[in-house]
Every structure is written in C-alpha cells, then in structure tokens.
There are 4 protein chains.
Amino acid sequence: MTQQVLLSERVRFVETDMMGVVHHANYFAWFEAGRVLYLRRCGIDLNELMQAGILFPITEAACQYKASARFDDVVQIWTLLQEFSRAKLIFTYDVVRQSDGRLLAQGRTQNVFTNHDGRIIRLPAAYYERLQRGPTLKN
Amino acid sequence: MTQQVLLSERVRFVETDMMGVVHHANYFAWFEAGRVLYLRRCGIDLNELMQAGILFPITEAACQYKASARFDDVVQIWTLLQEFSRAKLIFTYDVVRQSDGRLLAQGRTQNVFTNHDGRIIRLPAAYYERLQRGPTLKN
Amino acid sequence: MTQQVLLSERVRFVETDMMGVVHHANYFAWFEAGRVLYLRRCGIDLNELMQAGILFPITEAACQYKASARFDDVVQIWTLLQEFSRAKLIFTYDVVRQSDGRLLAQGRTQNVFTNHDGRIIRLPAAYYERLQRGPTLKN
Amino acid sequence: MTQQVLLSERVRFVETDMMGVVHHANYFAWFEAGRVLYLRRCGIDLNELMQAGILFPITEAACQYKASARFDDVVQIWTLLQEFSRAKLIFTYDVVRQSDGRLLAQGRTQNVFTNHDGRIIRLPAAYYERLQRGPTLKN
C-alpha cells in the first residue's frame with residue numbers, strides 16, 4: 001500500500017526565466033525534494049544511506065508540462081512511489097498550484113542503487129522493509 | 001534533411017552534486033543550449049522570436065542517463081530536430097564525453113509555440129522555412 | 001523601526017556540490033527568498049511591482065561564509081532591511097543552522113529601482129510607506 | 001607577476017530570470033568557471049587537488065553589477081589572482097560583454113584550503129609554486 005506525500009514549495013524568483021514562468025528544468029529539483037520527503041517519511045535518511053556507501057543515481061527522468069508555474073505561486077508536489085524493488089525505485093509526481101488546484105506538471109523518475117564505484121547494488125533489507133511499510137503521515 | 005549540431009561544454013563545478021557527479025537536472029540546461037545553437041544555425045534567433053511575440057514553452061522533457069558526467073569533463077551535446085511542424089518541435093539529444101566517446105545520456109524535448117497570453121499559435125512561415133532548410137554547418 | 005524576518009528552508013540535494021556541502025552561489029537564492037518574504041510582510045508584492053513597471057535589479061551582493069550548510073539541514077534565513085530610501089534598498093542576512101544555532105553565513109545585497117528600459121526611478125510613495133511601517137509579524 | 005585569464009561563455013536561457021536579464025546569482029558560477037580555468041592554466045587540476053585530500057571552500061564572495069547580461073550575449077570573464085598565500089587565494093573578476101566591450105560586473109572571491117574534515121590546511125609547495133609561476137597563455 002503506497003500513498004502520496006505532499007510537499008509545498010513557494011516558487012523562487014531565481015527559478016523563473018525570461019518567458020516569465022518557472023524554467024522547466026527546475027521541476028526536477030522539486031521532484032527531488034518530494035522524493036527526499038517521501039523517503040524521510042519512510043524512515044530513510046539519504047545522508048545515512050550515503051554514509052553506508054549507497055548511492056542512488058537517477059537513470060530516467062521525465063516531465064509533462066500542462067501549465068506554467070509563476071513566481072510566488074505556492075506549488076504542491078505530490079509524490080508517489082509507483083514501483084519499487086531492491087534494484088530500483090520509480091517515483092511519479094503531480095505538481096499542483098495551491099491557489100486554484102490546477103495541475104501544472106506530471107513527472108516520473110527512476111533511480112537505481114550503486115556503491116561509490118558506480119556498481120549496481122541491491123538495497124539492504126533494512127531499508128527495503130521501510131519502503132514496504134510506506135510513509136508515515138507526518139515526520 | 002535534418003542533421004545533428006554539435007555543442008561542446010565543459011562541466012562546471014556548480015553543476016556537480018554531493019554524489020560527485022553532474023546533477024541530473026543540469027542535463028536539461030545542456031539540451032537547451034544545444035537547441036538554441038541548432039536554431040541559431042538555422043537562422044532563428046530566439047530573442048528576435050520573443051520580440052515578435054512568439055514564446056516556445058517546453059511541454060515535454062525526458063532524459064535517460066547511461067553514465068555520469070563529472071566535473072571538468074568536456075561534454076558534447078549532439079542536437080537533432082527529430083520532428084517539426086508549425087505547431088511543435090521535437091528535439092533529441094545525445095550527450096557524449098569527449099575524452100572517451102562514451103554516451104552519457106540521451107534526451108528529448110517537445111515545445112509548442114504560444115503568444116504572450118499563453119495561447120497556442122503556429123510558427124510564421126518565415127521561420128518555418130528556416131527549419132525546413134536546416135542548420136548550416138557553422139554560424 | 002526595522003526588524004528581522006525569518007524564513008526556514010530545507011537544503012535541497014541539488015544545492016550541494018562535489019565537496020559535499022551547499023555550493024556558495026546558492027546562498028544568494030536564499031537571500032532572495034528572505035528578501036521576498038520581508039517585502040511580502042511589508043505588504044509589497046513583487047509581481048504587483050513588476051506589473052506597475054517597477055523592476056528592482058541587484059547592484060551589489062556579498063556573502064561571508066563561516067561554516068558549511070549540508071544536504072537536509074534546515075537553515076534559517078534572518079533578513080533585515082538595513083537601510084532604505086526611495087532610490088535603493090540594502091538588506092542584510094544571517095543564515096543559521098536550525099539544529100545547533102550555528103551561524104553559517106552573513107550576506108548583504110543592494111538593489112535599486114528601474115523602469116523596463118533600465119532607467120533608475122524612485123519608489124512610489126505608496127510602497128515606500130509600507131517599508132517605513134515595516135514587516136508585520138506574520139502574513 | 002600575475003595576469004588575467006580570459007574565459008568566454010554564451011549566456012544560457014536558464015540563466016535568465018523574469019526581469020529578462022541574467023539572474024545575479026549566476027555570475028558566481030561564471031567567476032568559478034574563470035577561476036577553474038586560471039588554475040588549469042597554472043597546471044593545477046582541481047580534481048587532482050580533491051583526490052589529494054585538499055578542498056578549497058569559498059569564504060567570501062562579492063559582486064558589483066554595472067549593467068545586465070542578457071540571453072545569448074557572449075560574456076568574457078577576465079580572472080585575476082589578486083593575492084595568494086599558502087593559506088588563501090583571492091581572485092577578482094571582470095565580466096565584459098563581447099559585442100560592445102561594456103563592463104557588466106566586477107567580482108571578488110576568497111577561498112581557503114581545508115582537508116575533508118574541514119580543518120584549515122596550507123597548500124602544498126608543489127601547487128604553490130605553480131601559482132607563483134602563474135598561468136600559461138594557453139592550455
């Protein structure tokens with residue numbers, strides 16, 4: 001049983017571009033912040049993971065843009081762990097403007113796990129079980 | 001007849017993250033720089049386009065990551081206009097490390113054209129013809 | 001009577017670099033977010049200002065770094081309007097790590113006001129009065 | 001005898017903000033790229049330095065902005081090692097727009113040297129001598 005985790009962020013001025021909207025690359029930073037929160041709510045601390053020699057490089061990332069986020073908008077990033085194994089995680093994301101509930105973008109990332117030499121590894125059971133239990137409502 | 005256009009960039013320190021590699025979001029900035037160069041080689045200046053009231057928001061972006069770019073690597077961004085109409089452009093990108101020719105990532109973006117109110121428009125014929133002629137080898 | 005306004009931000013993974021700490025350029029984005037919050041608490045909305053034809057380019061920015069912010073730290077950005085006139089604003093910033101209260105950085109920015117042609121202008125009285133009243137505690 | 005080293009960069013779209021100019025934080029990334037080039041021309045490779053356990057955190061950064069860089073401008077970053085010892089480096093930077101030679105910004109950074117635990121160290125003699133010899137004209 002997986003569930004969405006909500007992160008709210010206010011759009012920074014630096015995230016805009018000269019078309020007057022949030023530059024499309026910045027959505028991937030929001031997805032990442034959503035993913036970090038999701039994992040924290042599962043009891044997985046990425047600093048701890050890295051200290052244990054486990055890296056989590058992104059192997060695929062994609063986004064569909066429906067409408068523009070603008071400076072000072074509060075955006076909600078709804079993060080879902082769509083699919084997971086000890087070899088990889090697939091997250092999906094909905095970005096919604098808080099003021100009117102409009103869906104701005106939908107994203108997806110896939111990451112694997114590697115050691116510091118870049119070799120693919122499997123996520124240790126202790127962490128995997130936390131993913132299976134899923135996120136707590138609040139942390 | 002379309003063809004690939006080559007842009008070379010040296011990886012900046014600021015583009016790395018604490019995993020010691022280029023953060024995945026930065027590839028989209030490289031794709032963009034490749035796209036801008038491709039269009040310039042076709043005779044399309046994006047400043048001119050914006051002054052003519054034509055915006056070009058990204059509606060889809062995706063990347064598959066094969067190997068990590070690292071600080072100080074010279075990366076080659078090979079940009080191809082995969083598909084185009086007066087309504088949208090689809091570019092694909094290969095990112096290759098110059099030192100060993102290794103393919104690091106492959107990307108794809110789709111953009112439409114809009115006016116300043118966000119309404120979808122069709123690219124004026126004068127610009128479309130330049131896309132049809134394709135890029136010159138050097139500009 | 002001026003007072004400090006507090007913004008809390010959690011360090012994003014994308015804000016780190018390969019030295020394992022927050023890249024120094026990112027502090028300027030935090031200062032900006034602090035400044036935007038300060039102005040909002042004074043009743044000044046930057047979107048409204050831009051729509052009124054008033055831009056606010058940064059003319060000076062500086063930061064002294066005392067200790068490193070790290071991924072997942074919660075940092076407090078304490079923003080103070082140090083000096084202001086209808087011609088320019090000078091803000092100062094203290095960045096403090098929430099967990100241990102350590103001062104990480106101190107910054108300063110100066111901005112002027114211009115119209116869309118880049119000409120220096122004076123801030124209209126209606127906005128200036130809001131700066132004089134200062135920030136409300138919460139908005 | 002120190003001398004300026006020239007790096008040219010084309011302004012990326014992602015570097016602009018909704019005021020239609022390059023966001024002020026991005027100049028620090030240009031300074032950094034200039035500094036990296038300066039050091040490379042002295043025979044100092046920052047990857048090698050990090051592998052030798054030497055980090056080089058920025059302790060001070062400042063910029064004065066004179067005029068705006070815009071999308072697609074080619075900017076020249078002139079980097080000078082203003083002052084150096086085995087304890088710290090102070091670089092200064094002039095950012096000039098290539099098309100008209102206009103000075104856009106002037107910056108300054110100071111960095112120290114530390115080990116991976118954050119302790120201040122002195123730059124080993126082998127590297128220090130390369131700074132004393134200064135940059136070669138081309139590398």
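So, how was this worked out
- Residues numbered from 1 in each chain as written.
- Chains lettered and ligands numbered in written order.
- Predicted model: local features only at pLDDT ≥ 70, side-chain atom pairs only at ≥ 80, totals over all residues.
- Heavy atoms only, no water.
- 1 Å grid on protein atoms, 1.4 Å probe; cavity = no way out; pocket = protein on both sides within 12 Å on 5 of 7 lines; lining within 4 Å.
- Points joined across faces, edges and corners; volume = space filled by probe spheres on them.
- Helix = DSSP H or I, 4+ residues; strand = E, 2+ residues; numbered from the N terminus.
- Nonpolar A, V, L, I, M, F, W, Y, C, P; charged D, E, K, R; others polar.
- Pairing = 2+ DSSP bridges.
- Axes fitted to C-alpha atoms, helices over the stretch in contact; angles between N-to-C directions.
- Phe/Tyr/Trp six-rings, centres within 6.5 Å; stacked < 30°, edge-to-face > 60°.
- Least-squares fit on C-alpha atoms with pLDDT ≥ 70 in both.
- Contact = heavy atoms within 4.5 Å.
- pLDDT = per-residue confidence, 0-100.
- Buried < 20%, exposed > 50% of the residue type's maximum accessible area, 1.4 Å probe, protein only.
- Arc of directions from axis to C-beta.
- Buried area = accessible area lost by both parts, 1.4 Å probe.
- Salt bridge = Lys/Arg side-chain N within 4 Å of Asp/Glu carboxyl O.
- Polar contact = N/O pair within 3.5 Å; in protein donor to acceptor, adjacent residues only side chain to side chain.

(A) Quick peek at empty space enclosed by the protein. Here the structure, examined in full by the defined rule, presents 2 cavities of 30 Å³ or more. In this model, the largest cavity occupies a volume close to 750 Å³. Lining the largest cavity are 32 residues, and of these Asn-26 of chain A, Asn-26 of chain B, Asn-26 of chain C together with Val-14 and Asn-26 of chain D sit closest to its centre. Listing elements by their share of the lining of the largest cavity, those giving two or more residues are helix 1 (26–41) of chain A, helix 1 (26–41) of chain B, helix 1 (26–41) of chain C together with helix 1 (26–41) of chain D. Its residues assigned to classes, the lining of the largest cavity comprises 12 nonpolar, 12 polar and 8 charged. Approximately 30 Å³ is the volume found for the second largest cavity.

(B) Region of the structure containing the sheet that holds strand 1 (residues 5–10) of chain B. Here 10 strands make up an open sheet; going across it, the order is 1(A)-3(A)-4(A)-5(A)-2(A)-2(B)-5(B)-4(B)-3(B)-1(B) and the pairing antiparallel. Only two strands of the sheet have a single partner each, and these edge strands are strand 1 (5–10) of chain A together with strand 1 of chain B. Strand-to-strand twist in this sheet, taken as the mean axis angle between neighbours without regard to direction, amounts to 20°. Where strand 4 (residues 88–97) of chain B lies against strand 5 (residues 103–112) of chain B, 9 bridges are found, and the strand directions are antiparallel. Pairing of Val-95 of chain B across the sheet is with Ala-105 of chain B, part of strand 5 of chain B.

(C) Inspection of the packing of aromatic side chains at higher detail. The full count for this structure, using the stated rule, is 38 aromatic pairs over all chains. Here the aromatic residues Phe-28, Phe-31, Tyr-38, Phe-91 and Tyr-93 of chain A together with Phe-28, Phe-31, Tyr-38, Phe-91 and Tyr-93 of chain B are joined through ring pairs into a cluster of three or more.

(D) Highlighting the relation of the copies chain B and chain A. For the pair chain B and chain A, the superposition axis carries a translation of 0.0 Å, the fit reaches an RMSD of 0.0 Å, and the rotation angle comes to 180°. The symmetry that links the two subunits is that of a two-fold axis. Within chain B, the C-alpha atom positioned nearest to the axis of rotation is that of Ala-62 of chain B, 2.0 Å from it. When the interface residues of chain B are mapped onto chain A, 100% of them again lie at the interface, so the same face is used by both copies.

(E) Up close: the confidence of the model for chain A. When the pLDDT values of chain A are averaged, the result is 96; 98% of them are 70 or greater. If you check the scores for this complex, the pTM reads 0.97 and the ipTM reads 0.96.

(F) The arrangement of helix 3 (residues 125–133) of chain B in detail. Residue and element names in this part refer to chain B. Buried within helix 3 are the following residues: Tyr-127, Tyr-128, Arg-130 and Leu-131. Angular distribution of buried residues about the axis of helix 3 spans 155°; they occupy a single face of the element. Next to the buried residues of helix 3 lie helix 1, helix 2 (46–51), strand 3 (74–84) and strand 4. Phi turns positive, to about 85°, at Gly-134, one or two residues after helix 3.

(G) Summary view of the interface of chain B and chain A. Counting from both sides, the interface comprises 21 residues of chain B and, opposite them, 21 residues of chain A. Here chain B packs against chain A, burying approximately 1800 Å² in sum over the two surfaces, 66% of which is carbon and sulfur. Along the contact surface separating chain B from chain A lie 0 salt bridges. Applying the counting rule to chain B against chain A returns 6 residue pairs in polar contact (both at pLDDT 80 or more).

(H) Looking closely at the sheet that holds strand 3 (residues 74–84) of chain C. The antiparallel open sheet is built from 10 strands, whose spatial order is 1(C)-3(C)-4(C)-5(C)-2(C)-2(D)-5(D)-4(D)-3(D)-1(D). Pairing within the sheet leaves two strands with one partner each, and these edge strands are strand 1 (5–10) of chain C together with strand 1 (5–10) of chain D. Strand-to-strand, the axes of this sheet are offset by a mean angle of 20°, without reference to chain direction. Sheet topology note: the strand 2 (residues 58–65) of chain D/strand 5 (residues 103–112) of chain D ladder contains 7 bridges and is antiparallel.

(I) Representation of the pairing of strand 1 of chain B within the structure. Residue and element names in this part refer to chain B. Side chains Val-5, Leu-7 and Glu-9 project from strand 1 onto a buried face, and the interleaved Leu-6, Ser-8 and Arg-10 project onto a face without burial. One ladder, built from 6 bridges, connects strand 1 with strand 3; its direction is antiparallel. Considered in strand 3, the bridge of Arg-10 is made with Val-74.

(J) The arrangement of the relation of the copies chain D and chain B in detail. Mapping chain D onto chain B calls for a rotation angle of 180° and an axial translation of 0.0 Å; the resulting RMSD is 0.0 Å. Mapped onto chain B, 100% of the interface residues of chain D again fall at the interface, so both copies present the same surface.

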